[in-house]
Amino acid sequence: MPTGPNPVAAQLDSYWTAARMTAALPAGAAKGSETGPALSPAVDGPRPGEYIPPSRSFDGIPQAGTFFWTDAQGTGRTCSGSVVRGPRRDLVLSAGHCLKGYSGTAPQRRLAFVPQYHDGVKPYGVFPVGAGGVYVPQQYYDLGEHAGAAYDFGFAVTEPNQDGTPLQDAVGGVRLLTGTGYHHAPVRMIGYPAGAEKPLECWSRTTRWVSDDPADPGTFPRIACDAFVGGTSGGPMLVPQLDGWAVIGVIGGYHTGGNTAQVSYSAYFGSATRALYDAATTGAPPAEAGGVRG
């Protein structure tokens, strides 16, 4: 067990300055749409009188980043993700609704992960997602993104960057936690708003949310943080550990992450998440849309 100074704890102790408490971006698109208008928040969003912690724009951390895609028509950017520790040192965690359109051995769009992207800078290079490297639960394909909201998570297996360096060797990784319940504090949430040149971060806590929408059934971690709009889906919900950060959720799940910019959700990380991680880290064949559940 480490006995030296804990840099994560030091960050927590020094974080809440007056300037950071007042920093926030304006609200915008719903998370699940990534770029589209917000949906009706009839069964979603802040509760009356609820305090919504502010977010701030910053240069990011090495273990979090955003995805770029390329096809015959050009390139674009979509969603957020985080580098998760694994034996092959090549794994990115994101939301299922972010990754499912890039699955298969020959997707129409090729995906790549850029850790700590900001201001047009790619400080660690570009890590392409390998052919057949997208892992999304078969239940999510079968049920769809609303009925299957409880399975809205996924992993992308990357190739080394242009220098031949594996992803985790370049930036490190966060620990995947499963089966730890719904209540966590403090939680540091990070995501890349669509079109923004820097990511956002916000400190808050997660609580238990039982869906009141029959279209999106399940029980989900819920977190209040301002300005998390389209593009932030797949961004990690991090908790401090003695050896760094651990991830307990990603923006997604209920209403594919939330219909408002003030409240976000995650699918619960349990046995299904651990099973998908095991498949991705051992190179098992990934599930596919229309496939047979194993």
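Because the structure is a prediction, the values reported are computed rather than measured. (Residues numbered from 1 in each chain as written. Predicted model: local features only at pLDDT ≥ 70, side-chain atom pairs only at ≥ 80, totals over all residues. Heavy atoms only, no water.)

S.K.: How should I be thinking about the overall build of the protein chain in this particular structure?
M.R.: Helices and strands together make up the secondary structure of the protein chain, namely six helices and 14 strands. Buried positions account for 54% of the 294 residues belonging to the protein chain. Considering only contacts in the protein chain between residues 6 or more positions apart, those separated by 24 or more positions represent 74%. Carbon and sulfur atoms provide 55% of the accessible area of the protein chain, an area that totals close to 12,000 Å². (Helix = DSSP H or I, 4+ residues; strand = E, 2+ residues; numbered from the N terminus. Buried < 20%, exposed > 50% of the residue type's maximum accessible area, 1.4 Å probe, protein only. Contact = heavy atoms within 4.5 Å. Areas by Shrake-Rupley, 256 points an atom, 1.4 Å probe, with all protein chains shown as cover.)

S.K.: How should I be thinking about the state of the cysteines in this particular structure?
M.R.: Simply put, the disulfide is a covalent bond whose two ends are the sulfur atoms of two cysteines. Enumeration over the complete set of coordinates arrives at two disulfides. Between the sulfur of C79 and that of C98 lies a disulfide, 2.1 Å long from S to S. Taking the sign of the S-S torsion, -80 degrees for the link of C79 and C98, the bridge is left-handed. Placement of C79 in strand β3 (residues 74-84) and of C98 in helix α3 (residues 96-99) is noted, with a sequence separation of 19 residues between them. An identical accessibility class is assigned to C79 and C98; each is buried. Paired through a disulfide, C202 and C225 show a sulfur-sulfur distance of 2.1 Å. On the sign convention where negative means left-handed, the S-S torsion of about -90 degrees between C202 and C225 marks this disulfide as left-handed. A residue pair is termed long-range when its members are at least 10 positions apart, and C202 in strand β10 (residues 200-210) and C225 in the loop between β11 (219-224) and β12 (236-241) qualify at 23 residues. You'll find C202 and C225 in the same group, each marked buried. Should the bonded cysteines of the protein chain be numbered as they appear in the sequence, the pairing reads 1-2, 3-4. (Disulfide = S-S within 2.5 Å.)

S.K.: So what exactly am I meant to see when it comes to the sheet that holds β3 here?
M.R.: Within a sheet, each strand pairs with its neighbour through backbone hydrogen bonds, oriented either parallel or antiparallel. Taken in spatial order, the six strands of this closed barrel run β2-β3-β4-β7-β6-β5, and their pairing is antiparallel. Ignoring strand direction, the axes of neighbouring strands in this sheet form an average angle of 45 degrees. One ladder, built from six bridges, connects strand β2 (residues 64-71) with strand β5 (residues 110-115); its direction is antiparallel. When the sheet's bridge partners are listed, G65 is paired in β5 with P115. (Pairing = 2+ DSSP bridges. Axes fitted to C-alpha atoms, helices over the stretch in contact; angles between N-to-C directions.)

S.K.: What is the right way to look at the layout of surface pockets in this model?
M.R.: A probe matching the size of a water molecule, rolled over the atoms, marks out where space remains unfilled. By volume, the second largest pocket amounts to about 160 Å³. At the level of elements, β10 and β11 are the ones that each hand at least two residues to the lining of the second largest pocket. Counted by class, the lining of the second largest pocket contains four nonpolar, two polar and four charged residues. (1 Å grid on protein atoms, 1.4 Å probe; cavity = no way out; pocket = protein on both sides within 12 Å on 5 of 7 lines; lining within 4 Å. Points joined across faces, edges and corners; volume = space filled by probe spheres on them. Nonpolar A, V, L, I, M, F, W, Y, C, P; charged D, E, K, R; others polar.)

S.K.: When you look at the side chain of T281 in this model, what are you seeing that I'm missing?
M.R.: Structurally, the position occupied by T281 is in helix α6 (residues 271-282). Looking at T281, the relative accessible area reads 12%, which means it is buried. Residue contacts for T281: discarding those within four places in its chain leaves P87, R88 and L91.

S.K.: Would you take a moment to explain the side chain of D216 for this structure?
M.R.: Considering the arrangement of structural elements, one finds D216 in the loop between β10 and β11. This buried residue, D216, is left without a salt bridge; K100 holds the nearest opposite charge, at 11 Å. Of the polar contacts made by the side chain of D216, one reaches the side chain of H146; its length is 3.1 Å. Setting aside residues no more than four positions away along its own chain, D216 makes contact with H146, A149, S211, G253, Y254, H255 and T256. (Lys, Arg positive; Asp, Glu negative; His and termini not counted. Salt bridge = Lys/Arg side-chain N within 4 Å of Asp/Glu carboxyl O. Polar contact = N/O pair within 3.5 Å; in protein donor to acceptor, adjacent residues only side chain to side chain.)

S.K.: Which parts of the structure should I look at to understand empty space enclosed by the protein?
M.R.: What the rule picks out here adds up to two cavities of 30 Å³ or more. Of the pockets and cavities examined, the largest cavity occupies roughly 70 Å³. Along its surface, the largest cavity is lined by 13 residues, and Y102, P107, R110, V129 and G130 are the ones closest to its centre. When residues of the lining of the largest cavity are traced back to their parent elements, those giving at least two are β5 and β6 (127-135).

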